[in-house]
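# Report on the structure
Single-letter residue listing:
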Amino acid sequence: SKTPNFDLTFLLYPNKKNIVTKNLIDSLIQDRFQKASKMIFSHCPIQQLQGIKSIKGLGLGLTPSGDDFIFGILLAIRFLEKCCTLNLQAKIEKIYYQAKSENIFSHTFLSCIYNGGVNQKFHRFLSAFASTKELPEQAIELLSLGASSGVDLLVGFYLALKRRKKWLPEVK
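The present account deals with the structure reproduced in this document. Since the structure is predicted, the reported quantities are computational estimates derived from the model, not experimental observations.

## A look at the packing of aromatic side chains
Applying the stated criterion to the full structure yields twelve aromatic pairs. Plain terms: the ring middles of Y96 and Y114 are 4.0 Å apart, the flat faces sit at 15 degrees to each other, and that makes the pair stacked. Here Y96, found in helix α4 (residues 89-99), pairs with Y114, found in helix α5 (residues 104-114); they are 18 residues apart in sequence, far enough to count as distant. Residue class for Y114 comes out buried when judged on its relative accessible area of 17%. Linked through ring pairs, F79, F125, F129 and F157 together constitute an aromatic cluster.

Shown next, in the form of structure tokens:
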């Protein structure tokens, strides 16, 4: 299997600087993602949306890393809605409208999540995650998506859940 040149796993280690950069462009992109992540998971709704806007379309591939990260955040919000019986539609709408893209692949997947749908792989992952059964197998299935799409999506999903109390005041 081909290893991607760039994925967002460095966001899991915010105190380590430049752990994956190989060149100046990767370093600049990494810096932008680190700043955006801090904004997205802040208390301030305006900063959250500015963070989303700053990574929309950022990266390479059919669905850029920034879009995949945003998909992961939206999937985490959908997951929290279901497992905590919360209405987070207003947050989903704000992110959706900020993240809308000209990229047909990103737009299609974003619209699907916005409308409450996910493909079979994501459905199996979310079901396994909710029941804590077969999680490693389901996560590995997602990690294999694209060059880095699955990794980037799971990083967004994980960080959105990990930092949920800070940036989603509705979640107790």
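What follows continues from the structure just given.
## Some thoughts on the state of the cysteines
Under the definition given, this model contains zero disulfides. In this structure C84 is a free cysteine whose sulfur lies 3.4 Å from that of C83, the closest cysteine sulfur available. Residue classification places C84 among the partly exposed positions, given a relative accessible area of 32%. Looking at the unpaired C112, the closest cysteine sulfur is the one in C83, lying at 19 Å.

## What about the pattern of salt bridges?
Under the criterion given, the structure shown has three salt bridges. A salt bridge links K35 to D31, with the nearest nitrogen and oxygen atoms 3.0 Å apart. With K35 and D31 both in helix α1 (residues 24-40) and four residues apart, the pair spans about one turn of that helix. What makes D31 partly exposed here is its relative accessible area of 25%. Ionic pairing is found between E141 and R124, a salt bridge with its closest N-O pair at 2.4 Å. Here the residue E141 occupies a position in helix α7 (residues 135-143), and R124 occupies one in helix α6 (residues 120-131), the gap between them amounting to 17 residues. The class of R124 is partly exposed, set by a relative accessible area of 30%.

Cut-offs and rules
- Residues numbered from 1 in each chain as written.
- Predicted model: local features only at pLDDT ≥ 70, side-chain atom pairs only at ≥ 80, totals over all residues.
- Heavy atoms only, no water.
- Phe/Tyr/Trp six-rings, centres within 6.5 Å; stacked < 30°, edge-to-face > 60°.
- Helix = DSSP H or I, 4+ residues; strand = E, 2+ residues; numbered from the N terminus.
- Buried < 20%, exposed > 50% of the residue type's maximum accessible area, 1.4 Å probe, protein only.
- Disulfide = S-S within 2.5 Å.
- Salt bridge = Lys/Arg side-chain N within 4 Å of Asp/Glu carboxyl O.

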